[in-house]
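An overview of the molecular structure
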Amino acid sequence: MLLSGNEAIALGAFEAGVKVASAYPGTPSTEILESLSRFSGVYTEWAPNEKVAVEVCLGASFAGARTLAAMKHVGLNVAADPLFTSAYTGVRGGFVIVTADDPEMHSSQNEQDNRNYAFAAKIPMLEPADSFEAKEFTRRAFEISEAFDTPVLIRTTTRVSHVKGVVTPGELMDLKVEPGIVKDPDKFVMLPVNARKRRAALEDRLARLREFAETFPENVIEPGRGKRGFITSGVSYLHVKEAFPDAPVLKLGMIYPFPEKLIRSFAEKMEEIFIVEELDPFIELHVKAMGVPCRGKEVIPAYGEIDARVVRQAVTGIAEEPAFAPVEVPARPPNLCPGCPHRGLFFALSRLDVFVAGDIGCYTLAFFKPLETMDSCVCMGASIGNAFGMEKAIGKDALGKVVAVIGDSTFIHSGITGLIDIVYNRGFSTVIILDNRTTAMTGQQENPVTGQTLSGEKTVEVDLPALCRAVGVEHVYRINPNDIEKTYQLLKREVERPEPSVVITEYPCVLLPVEKQKKKPVHLVILEKCTGCRTCLKLGCPAIEWVPVTEEEAVRLGMRPNQKGYARINPVLCDGCGQCAPLCKFQAIVIEEEGGSEGER
Ligand code: SF4
Ligand code: SF4
């Protein structure tokens, strides 16, 4: 069957008998849990954040279940706390953590090489190169986890996560650990007295893992022609094979710990060694530390994705033209969807002279023209702390000048603690929570405010206003951001308030299936009334188009001769949010049924 790497990991986990899986959605990892949720007998959940996901899975492992946590690369930063200590406690049931890295930052705020986490946390890491290996390595990871009493990391990159490849379904694996409550405080209670003993055990485990790596069948020497050898792993292996199909290759399936004897025996037979890897010189530093001469980052780029052409060019030193000439596509700046409720909020915010501390979500697109209403964006949940920090730096003069903007899911992920900080430390920052009833950016996953679980079950819905009041915010307001004027007036008042306040904008994402089914009032522009003032264009709604006219056309259409054009609403794109109509001082924008006709568009 043809599966993406993410789907293959899910299949591998199912075949390995995984019982509990937890994740926070994040590109390129999201489909792992979505796929796993379709298998029966596996409990799957969206956790509020990655730290919770790892903690849930570690607890399930303590109870003897095989368990999997998945996240994108930056998610592992959030989960780093339990990750490092899980290396000390070890496991009972096999525990696998997938980190999906994103070289080239296709959908991320940074580019980080999470192989470094394996080294820093002293946790073994496997790195599949394609979908076939993604499934097989997942199965093996559970065996290694139980055999060595350790969590195991699997690292993928975007190309492995999303590219489809042939996968062969396998037998369900036999489970070796008996589920149940086992009290073992020396192992599970990491007080210093126990942790010190486990620290020593950790080194002993690493030594055994190093020996294991020497004979691990996925660390493979592929003999070839010539004396120029490559050491590589993951998707970089495929680039090496494409660039130099006949060359000898040492392919590392286990990327940490390293099989040092294997590396030496390979290197001894070569005159020249190239280390081919994306991002950091992770293998290279290790091989050089062993005293083995090799070349890596001096020729292979240290950031972004690589491909076969880059590898060939780096090794031969001969510049190559790309196989395909770059395709000229019309410039299409990223934009919020037509009818997106966030647009109304950001348009209202653009009328205030405030610094907007933003966060991770579709609403980060408000950074682009014409809204240009996003002044910072650091990481999940950072907006509130950023805004509060500015307030503290500037003092009373910050009143009325700073707001934080954060999505519903991001607020639950890690924004709530920032809000508590504001209240506790007597701040006055205004926090705007954009509640669109979903985790929109990653593809509309459920979250604790949506009232539904990953498996579609109805559940308790976090009451955002009540939650904000519970942490001590007295001034909490709800507003429909499609009503731009009311939103503007409310924000204007709240940013000046010398106490913390929360404004929750409430309107569902227009791409939610239930929203798409609704019949919405399509808007249109009455040509005779449009003066071409362009005010409605400032919204940046993709449905509103500008039609330029010549002087003759303007006269023929009954406009002023100096009118340069008019606005037109594309009825296919219009989602009927109604944000544009009140902006037109000339009442040229109306609901279709209320006075427009086809000919007037
Ligand atoms: S529709 Fe109204 S706001 Fe838009 S350009 Fe015409 S007159 Fe101006
Ligand atoms: S009503 Fe106006 S702002 Fe809303 S989607 Fe239609 S054209 Fe865009």
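1. Quick word on the site of ligand 2
- Near ligand 2 lie 13 residues; those nearest to it are Cys541, Cys574, Asp575, Cys577 and Cys580.
- In this structure, ligand 2 is accommodated by the largest cavity.
- A per-class count over the shell around ligand 2 returns eight nonpolar, four polar and one charged.

2. Describing the layout of surface pockets
- Considering only enclosed or pocket space, the largest pocket measures out at about 1000 Å³ in volume.
- Along the walls of the largest pocket sit 49 residues, with Ile360, Gly361, Cys362, Thr364 and Met441 positioned nearest its centre.
- Of all the secondary-structure elements, those providing two or more residues to the lining of the largest pocket are helix H4 (73–78), helix H15 (341–350) and helix H17 (408–424).
- The space that makes up the second largest pocket amounts to roughly 320 Å³.
- Along the walls of the second largest pocket sit Arg332, Pro333, Pro334, Asn335, Leu336, Lys369, Pro370, Leu537, Gly540, Cys541, Pro542 and Ile544, which together make up its complete lining.
- For the lining of the second largest pocket, the residue count by class is eight nonpolar, two polar and two charged.

3. Re the site of ligand 1
- Contacts to ligand 1 come from Val525, Cys530, Thr531, Cys533, Arg534, Thr535, Cys536, Ala567, Cys584, Phe586 and Ile589.
- According to the grid-proximity analysis, the pocket containing ligand 1 is the second largest cavity.
- In terms of residue class, the shell around ligand 1 is made up of eight nonpolar, two polar and one charged.

4. A closer look at helix H13 (residues 282–289)
- Listed in full, the buried residues belonging to H13 are Phe282, Ile283, Glu284 and Val287.
- Where H13 is buried, its residues touch helix H6 (115–121), strand E10 (228–233), strand E11 (249–252), strand E12 (254–256), helix H12 (260–268) and strand E13 (272–276).
- Among the residues trailing H13, glycine 291 stands out with phi positive, at a value near 85°.

5. Topic: a nonpolar patch on the surface
- Residues Val189, Leu191 and Val193 make up a contiguous nonpolar surface patch of roughly 250 Å² in combined accessible area.
- Tracing the chain through its elements places valine 193 in helix H10 (residues 192–215).

6. Quick look at the pattern of salt bridges
- What the rule picks out here adds up to 36 salt bridges.
- With its nearest N and O atoms 3.0 Å apart, the salt bridge here joins lysine 241 to glutamate 222. On the criterion of sequence distance, the pair formed by lysine 241 in helix H11 (residues 234–243) and glutamate 222 in strand E9 (residues 220–222) is long-range, its members being 19 residues apart.
- Using a relative accessible area of 18% as the deciding quantity, one classes glutamate 222 as buried.
- For glutamate 494, the salt bridge identified is with arginine 493, shortest N-O distance 3.0 Å.
- Via salt bridges that share partners, Asp101, Asp113, Arg115, Glu127, Arg155 and Glu277 belong to a single interconnected network.

7. Considerations on the environment of threonine 535
- Mapping threonine 535 onto the fold places it in the loop between strand E20 (523–525) and strand E21 (544–548).
- Along the primary structure threonine 535 and threonine 85 are separated by 450 residues, whereas in three dimensions their C-alpha atoms are 56 Å apart.

8. Quick look at the pairing of E13
- Counting buried residues along E13, four of its five residues qualify, which places the element largely inside the surrounding structure.
- Both E10 and E13 contribute to a ladder of five bridges, which runs parallel. By the bridge assignment, glycine 229 is partnered in E13 with isoleucine 273.

9. Regarding the sheet that holds strand E2 (residues 18–23)
- As summarised here, the arrangement of the seven strands in space is E3-E2-E4-E5-E7-E6-E12, forming an open sheet in which the pairing is mixed. The sheet is open, and its two edges are formed by strand E3 (43–46) and E12, each paired on a single side.
- With six bridges joining them, strand E4 (residues 66–72) and strand E5 (residues 95–101) adopt parallel strand pairing. Looking at E5, one finds that lysine 72 is bridged to alanine 100.

10. Side note on the sheet that holds strand E15 (residues 376–377)
- Taken in spatial order, the six strands of this open sheet run E15-E14-E16-E17-E19-E18, and their pairing is parallel. The open sheet has two edge strands, E15 and strand E18 (475–479), and neither has a second partner.
- As defined by bridge partners, strand E14 (residues 355–358) adjoins E15 across two bridges and the pair is classed as parallel. Within the sheet, the bridge partner assigned to alanine 357 lies in E15 and is serine 376.
- Those strands touched by H15 are E14, strand E16 (402–407), strand E17 (430–435) and strand E19 (501–506), and its axis lies near 155° from that of E17.
- In the packing of helix H19 (residues 484–495) onto the sheet, contacts are made with E16, E17, E18 and E19, and the angle to E18 comes to roughly 165°.

11. A few points about the pairing of E2
- Across the six residues that make up E2, a large majority, five, are buried.
- Pairing between E2 and E4: five bridges, direction parallel. The residue of E4 that forms the bridge with valine 20 is threonine 67.
- As paired strands, E2 and E3 are joined by four bridges and run parallel to one another. For alanine 21, the partnering residue across the bridge sits in E3 and is threonine 44.
- What joins E2 to E3 is helix H2 (residues 31–36), and the crossover it makes is right-handed.

12. Brief notes about the confidence of the model for the protein
- Summing up the model confidence of the protein, the mean pLDDT is 95 and the portion of residues at 70 or higher is 99%.
- Here residues 597–601 is modelled with pLDDT under 50, and outside its nearest four sequence neighbours on either side it reaches 13 contacts, counting other chains as well.

13. Topic: the packing of aromatic side chains
- Using the criterion set out here, one finds eleven aromatic pairs in the structure.
- Where phenylalanine 84 meets tyrosine 117, the ring centres are 6.3 Å apart and the plane angle is 75°; that geometry is what we call edge-to-face. In this pair, phenylalanine 84 is assigned in helix H5 (residues 80–89) and tyrosine 117 in helix H6, connecting sequence segments 33 residues apart.
- Judged by its relative accessible area of 17%, tyrosine 117 falls in the buried class.
- Judged by centre distance (5.2 Å) and plane angle (35°), the ring pair of phenylalanine 212 and phenylalanine 216 falls under tilted.
- Here the guanidinium or amino end of lysine 251 rests over the ring plane of tyrosine 237, the centre of that ring lying 5.2 Å away.
- Cation over ring: arginine 534 sits above tryptophan 546, and NZ or CZ is 4.0 Å from the ring centre.

About the cut-offs
Residues numbered from 1 in each chain as written. Chains lettered and ligands numbered in written order. Predicted model: local features only at pLDDT ≥ 70, side-chain atom pairs only at ≥ 80, totals over all residues. Heavy atoms only, no water. Near = heavy atom within 4 Å. 1 Å grid on protein atoms, 1.4 Å probe; cavity = no way out; pocket = protein on both sides within 12 Å on 5 of 7 lines; lining within 4 Å. Sits in = over half its atoms within 2 Å of the grid points. Nonpolar A, V, L, I, M, F, W, Y, C, P; charged D, E, K, R; others polar. Points joined across faces, edges and corners; volume = space filled by probe spheres on them. Helix = DSSP H or I, 4+ residues; strand = E, 2+ residues; numbered from the N terminus. Buried < 20%, exposed > 50% of the residue type's maximum accessible area, 1.4 Å probe, protein only. Contact = heavy atoms within 4.5 Å. Patch = residues over 30% accessible without salt bridge, like charges linked within 9 Å, V, L, I, M, F, W, Y side chains within 5 Å. Areas by Shrake-Rupley, 256 points an atom, 1.4 Å probe, with all protein chains shown as cover. Salt bridge = Lys/Arg side-chain N within 4 Å of Asp/Glu carboxyl O. Pairing = 2+ DSSP bridges. Axes fitted to C-alpha atoms, helices over the stretch in contact; angles between N-to-C directions. Right-handed = clockwise from strand over helix to strand, strands pointing away. pLDDT = per-residue confidence, 0-100. Phe/Tyr/Trp six-rings, centres within 6.5 Å; stacked < 30°, edge-to-face > 60°. Lys NZ or Arg CZ within 6 Å of the ring centre and 35° of its normal.

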